[in-house]
Amino acid sequence: MSSTAAKPSPARSGPVQAVSALTRRIPAGLRPTRAIHWGVSEGLPRFALRTSARRGDLQGRLVVATNQPDPAPAWQVIEDIRARGPLPRTAFGRVTARHAVVREVLSSPAFAAGVPGPAQPWLVRLRDWAAPDTLHPMHPPSLLVTEPPDHVRYRKLVTRVFTARAVERLRDRTEEIAAGLLDDLAARAGDGPVDLVQTYCAPLPVAVICEVLGVPADQHRKVLEMGTAAAASLDMGLPWSEYRQVDTALAAFDTWLTDHLRLLRSRPGDDLMSQLVRAQDDGVGLSEQELKATAGLVLAAGFETTVNLLGNGVVLLRENPEQLAVLREDPSWWGNAVEEALRVDPPVLLTARTCREETTVAGVSVSPGMLVATVLGGANRDPEVFADPTRFDVKRANAREHLSFSAGRHHCLGASLARMEGEVGLRALFDRFPDLQLAPGAVRRPTRILRGYHRLPVVLA
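All of these numbers come straight from a predicted model, not from anything done at the bench. (Residues numbered from 1 in each chain as written. Predicted model: local features only at pLDDT ≥ 70, side-chain atom pairs only at ≥ 80, totals over all residues. Heavy atoms only, no water.)

Describing the overall build of the protein
Now for step 1: Broken down by element type, the protein carries 18 helices and 12 strands.
Now for step 2: Its C-alpha radius of gyration of 22 Å places the protein within 12% of the 23 Å reference for a compact globule of 461 residues.
Now for step 3: Overall, the protein is about 70 × 55 × 40 Å in size when its C-alpha atoms are taken along their principal axes.
Now for step 4: With 461 residues in all, the protein has 55% of them scored as buried.
Now for step 5: Contacts in the protein between residues far apart in sequence, at least 24 positions, make up 73% of those at least 6 positions apart.
Now for step 6: Looking at the protein as shown, the accessible area adds up to about 19,500 Å², and 54% of this sits on carbon and sulfur atoms.
Now for step 7: Here the protein holds 55 positive side-chain charges and 51 negative ones, and the gap between their average locations is 7 Å. (Helix = DSSP H or I, 4+ residues; strand = E, 2+ residues; numbered from the N terminus. Rg over C-alpha atoms; globule rule 2.2 N^0.38 Å. Buried < 20%, exposed > 50% of the residue type's maximum accessible area, 1.4 Å probe, protein only. Contact = heavy atoms within 4.5 Å. Areas by Shrake-Rupley, 256 points an atom, 1.4 Å probe, with all protein chains shown as cover. Lys, Arg positive; Asp, Glu negative; His and termini not counted. Charge placed at Lys NZ, Arg CZ, Asp CG, Glu CD.)

What to know about helix 2 (residues 32-54)
Now for step 1: Between its terminal C-alpha atoms helix 2 stretches 31 Å, which fits the 33 Å expected from 23 residues at 1.5 Å a residue.
Now for step 2: At Gly39, helix 2 is bent by approximately 45°, the largest bend along its length.
Now for step 3: Taken together, the buried positions of helix 2 are occupied by Arg34, Ile36, His37, Val40, Ser41, Glu42, Gly43, Pro45, Leu49, Thr51, Ser52 and Ala53.
Now for step 4: Immediately beyond the C-terminal end of helix 2, within one or two residues, lies Gly56, with a positive phi of roughly 90°. (Expected span 1.5 Å × (residues − 1). Bend = angle between axes of the 7 residues up to and from the residue.)

Side note on the environment of Phe430
Now for step 1: One can find Phe430 in helix 18 (residues 415-432).
Now for step 2: Phe430 sits in the buried class, given a relative accessible area of 2%.
Now for step 3: Taking the C-alpha atoms as reference points, Phe430 and Gly85, 345 residues apart in sequence, are found 41 Å from one another.
Now for step 4: Apart from residues no more than four positions distant in its own chain, Phe430 is found in contact with Val314, Leu317, Arg318, Leu324, Arg328, Trp334 and Leu436.

Remarks on the environment of Ala251
Now for step 1: Along the chain, Ala251 turns up in helix 12 (residues 240-266).
Now for step 2: For the pair Ala251 and Asp345, spaced 94 residues apart in sequence, the C-alpha to C-alpha distance is 31 Å.

A short note on the layout of surface pockets
Picture a little ball the size of a water molecule; that probe, rolled over the atoms, points out where space is still empty.
Now for step 1: In this structure, the second largest pocket encloses a volume near 360 Å³.
Now for step 2: Around the second largest pocket, the lining comprises 21 residues; the ones closest to its centre are Thr228, Ala229, Ala231, Arg445 and His454.
Now for step 3: Breaking the lining of the second largest pocket down by element, the ones donating at least two residues are helix 9 (196-201), helix 11 (220-230), helix 12, helix 14 (288-319) and strand 11 (453-455).
Now for step 4: Its residues placed into classes, the lining of the second largest pocket shows 11 nonpolar, five polar and five charged. (1 Å grid on protein atoms, 1.4 Å probe; cavity = no way out; pocket = protein on both sides within 12 Å on 5 of 7 lines; lining within 4 Å. Points joined across faces, edges and corners; volume = space filled by probe spheres on them. Nonpolar A, V, L, I, M, F, W, Y, C, P; charged D, E, K, R; others polar.)

Some thoughts on the sheet that holds strand 5 (residues 350-355)
Now for step 1: Taken in spatial order, the five strands of this open sheet run 1-2-8-5-3, and their pairing is mixed. Sheet topology places strand 1 (89-90) and strand 3 (111-113) at the edges, where each strand pairs with a single neighbour.
Now for step 2: In the sheet, strand 3 pairs with strand 5 via three bridges, with the strands oriented antiparallel. Bridged to Ala113 within strand 5 is Arg353.
Now for step 3: Against the sheet, helix 5 (residues 99-107) touches strand 2 (93-96), strand 3, strand 5 and strand 8 (371-375), its axis set at about 130° to strand 8. (Pairing = 2+ DSSP bridges. Axes fitted to C-alpha atoms, helices over the stretch in contact; angles between N-to-C directions.)

As for the side chain of Arg94
Now for step 1: On the secondary structure map, Arg94 appears in strand 2.
Now for step 2: The buried charged residue Arg94 lacks any salt bridge, with Glu358 as its nearest oppositely charged partner at 9.4 Å.
Now for step 3: Dropping the residues within four chain positions of it, Arg94 is found in contact with Gln59, Leu87, Pro88, Arg89, Val364, Ser365, Met370, Leu371, Val372 and Ala373. (Salt bridge = Lys/Arg side-chain N within 4 Å of Asp/Glu carboxyl O.)

Observations concerning the pattern of salt bridges
Pairs may arise between side chains of opposite charge once their charged atoms sit close together.
Now for step 1: Within the structure shown, the criterion is met by 23 salt bridges.
Now for step 2: With a closest N to O distance of 2.9 Å, Arg173 and Glu211 form a salt bridge. One end of the pair, Arg173, is in helix 8 (residues 164-186); the other, Glu211, is in helix 10 (residues 203-212), with 38 residues separating them in the sequence.
Now for step 3: Its relative accessible area of 33% is what places Arg173 among the partly exposed residues.
Now for step 4: Judged by its relative accessible area of 37%, Glu211 is partly exposed.

A short note on the sheet that holds strand 12 (residues 457-459)
Now for step 1: Across the sheet, which stays open at both edges, the three strands sit in the order 4-12-9 with antiparallel pairing between neighbours. Either end of the sheet is taken by a strand with one partner, and the two such strands are strand 4 (194-195) and strand 9 (437-438).
Now for step 2: In this structure, strand 4 lies alongside strand 12, joined through two bridges in antiparallel fashion. Within the sheet, the bridge partner assigned to Asp195 lies in strand 12 and is Pro457.

Observations regarding the environment of Ala65
Now for step 1: Looking at where Ala65 falls in the secondary structure, it is placed in helix 3 (residues 58-65).
Now for step 2: A residue is classified by how much of its surface remains accessible, and Ala65, at 3% relative accessible area, is buried.
Now for step 3: The spatial distance from the C-alpha of Ala65 to the C-alpha of Gln289 is 35 Å, given a sequence separation of 224 residues.
Now for step 4: Excluding residues within four positions of it along the chain, Ala65 makes contact with Pro73, Ala74 and Val77.

Printed below as a string of structure tokens:
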């Protein structure tokens, strides 16, 4: 998404003018502004985070740990964060892994979504001058970082499709899609290990959200590829090569959305995207960028996190066979099993807020402009709320008290849909393949915010 700030003219900005003079020497087609934008928005934070990690800073250590394939180091840092108090200071602000504090920060009007930009005004101008004019989930007008009154206006439109009643109407169709995918898997049962992410965990939620949002079947694979490539856009401090991949994916997604919305204007249906298009045309006030931002976020967020939920749930159930036995004996626990999977291994590990007015949280003073990182995964394993918190227990009485869907005004719009897809998807899989076994070669996703499996080999028989 393009920045809401106007790009300053090089003639009025000394640093920008100097950089422009240098970049004129770079051959055409290399888009020098791309490198400049990476340097300011990703390169500098990356350097700062890694430097702080070497000095023992909690937030720097957490960012470095989440970039490792083994999740254990990240969980160790999270425990260290909790042990340091309710809201320990870091080189970048404050961080918390305590359930009550995370909930308070996420629900408080004193905090705004997102992270603060560079402290130096000239770096802000340089970043905005070089920013691409394409969608980005961490830039306005994305719902992830938009605050009232605009947030209320966007959210009101989107919630029409995600009511509990609407989600329950989708249950039968989700079961049909799952059954079809499992039929395809059954035909390959004797061929050795299959990657469950590529064959089931990803196609199921993609098909559901695309159907809800009016995307034709022949576009599902394209949406999946673009969404997967852009998943790292939520992370901070991307290396240059990954930044280029994300930038390219976001640009492709922006172009695709423009074409798709144009098609829906000419042939509208009953889906959410068509409703959003009609709302704009009826004078509700959504600009083209606002419409694409809202539709794009719902489309991408509608499947990315559910892919992680399904994969994480499969692993937890196979690694805890006694819990799977409970579900086989009494299937009424499947809904709670999904909540417990969300708690123990959440699809989204953390989020951040920026303080916008002087406030106090858990007895700690927080100043305007200060960044507060809220570790959702840490809140979900807080022993003050969850007894024996690392244990996976499908009958846990308070499993639903997790904060995996955030809290407050930015609580996940698709929470009901994700819960339903998780229950249907996991139950159908283990009903069809009760002896499914994990095979060697599982690979976690390299993303730091979105946590799940990139590859999950299983033996079906």
